[in-house]
Amino acid sequence: MALTLKQLRYFMAAAETGQISHAAMELNISQSAITTAVQGLESQLGVRLFERSAQGVVPTIEGARFLNHARNILAAVEDAERLPLGRDRQVTGRLRLGTTYTVAGYFMSRHYARFRRAHPDIQIEMMEMPRLAVEEGLATGSLDMAVMLVSNLANSAGLEQEILMRSRRRLWLSTDHPLLTRERITLHDVSQQPYVMLTVDEAKDTASRYWAKTGFAPAVCFTTSSVEAVRSMVANGVGVTILSDMVYRPWSLEGQRIEIRAVADTIPSMDVGLAWRKSQPLTPAAAVFRAFMSVAMGGGG
């Protein structure tokens, strides 16, 4: 039996939310529909796509590989539906697009490639910069738009923003970590463990702000700007960390498993979005890109 687009969408929703119940709510369908679709895929492919536990679902190695294929298939279908239609196809020009490190590495690549295919007459120049440089570029007009962590945006008075995705932050642990046996994990519990601190894209500053509200502090044993180093350290049991689902992968480079758990305390999400200068109308190319990203993220245009 051939795979269906519905199966792929249901599988992607489960993989990206980490919970069958959350995926069902997002898609406004029953949990059994998600479960049936995933089981059907596993039967057809002959592999297990998820590791299942009381806390939710995490893709296996095969599941993570298939998730990339599913994203590419659905992106191609959306491109096929969009390409012949709309006045946006007639727009030409240049789009100077700023982005930050995490967004460039974990969010923008597939959207950038799809936009170029969908709008070959728009010359897109994407530049990775620190957040302050991106905000300065938007304010001075050297950038038309940015895709960035708008949850870190400082110049909210001078810049418009539009959230594309909220990525929740969860606790990362090794497979044999004692906290995995807890039904409820708090930041106080986490503060008792060695902690691996990521610094890139102001991750350390963000963590410091929400930790400060609790009266506790992480027991930092290692600080790094490399997400892959964090992944390896956590997988090897050196420490735990709290990072967003957008950068989570269930396996380290060495092929070791990384578990994730929700934390009971309130932790802000990492919000990816668009930003542009308030005092200047969007260029036609920037307006097309904004509409494209809205559709890509399910906003409907």
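Everything below is about the structure shown above.
When we look at burial in helix α9 (residues 227–235), the residues that qualify are Val 227, Val 230, Arg 231, Ser 232, Val 234 and Ala 235. The inward-facing, buried residues of α9 contact α5 (101–118), β7 (169–174), β8 (194–198), β9 (219–224), β10 (241–244) and β11 (258–261). The N-terminus of α9 is capped by Ser 226, whose side-chain oxygen sits 3.3 Å from the backbone nitrogen of Glu 228. Downstream of α9 by one or two residues, Gly 237 has phi in the positive range, about 80 degrees.

Read across the sheet, three strands follow the order β10-β7-β11 without closing on themselves; strand pairing throughout is antiparallel. Bordering the open sheet on either side are β10 and β11, each of which pairs with just one other strand. Averaged over neighbouring strand pairs, the angle between their axes works out to 45 degrees when direction is ignored. Most of the contacts of α9 go to β7, to which it runs at about 50 degrees, and overall it touches β7, β10 and β11.

Ranked by size, the top nonpolar core spans 42 residues in total, and within it Leu 95, Phe 107, Val 147, Trp 172 and Phe 289 carry the most contacts. With seven residues, the single largest contributor to this core is α5. The next biggest cluster of nonpolar side chains, apart from the first, holds 21 residues, and it includes Val 38, Val 57, Phe 66 and Ala 70.

The next subject is the pattern of salt bridges. A full pass over the atoms with the stated rule returns 15 salt bridges. Salt-bridge contacts for Glu 135 lead to Arg 131; the nearest nitrogen and oxygen are separated by 2.7 Å. With a gap of four residues between them, Glu 135 and Arg 131 both fall in helix α6 (residues 131–140), about one helical turn apart. Of the residues examined, Arg 131 reaches a relative accessible area of 13% and is grouped as buried. One salt bridge in this structure joins Arg 170 and Asp 245, with 3.0 Å as the shortest N-O distance. One end of the pair, Arg 170, is in strand β7; the other, Asp 245, is in the loop between β10 and β11, with 75 residues separating them in the sequence. You can call Arg 170 buried: its relative accessible area is 8%. Because the salt bridges share partners, they merge into one network encompassing Arg 131, Glu 135 and Glu 202.

The rules we used
Residues numbered from 1 in each chain as written. Predicted model: local features only at pLDDT ≥ 70, side-chain atom pairs only at ≥ 80, totals over all residues. Heavy atoms only, no water. Buried < 20%, exposed > 50% of the residue type's maximum accessible area, 1.4 Å probe, protein only. Helix = DSSP H or I, 4+ residues; strand = E, 2+ residues; numbered from the N terminus. Contact = heavy atoms within 4.5 Å. Polar contact = N/O pair within 3.5 Å; in protein donor to acceptor, adjacent residues only side chain to side chain. Pairing = 2+ DSSP bridges. Axes fitted to C-alpha atoms, helices over the stretch in contact; angles between N-to-C directions. Core = buried A, V, L, I, M, F, W, Y, C linked by side-chain atoms within 4.5 Å. Salt bridge = Lys/Arg side-chain N within 4 Å of Asp/Glu carboxyl O.

The values are spatial; any link to function lies outside them.
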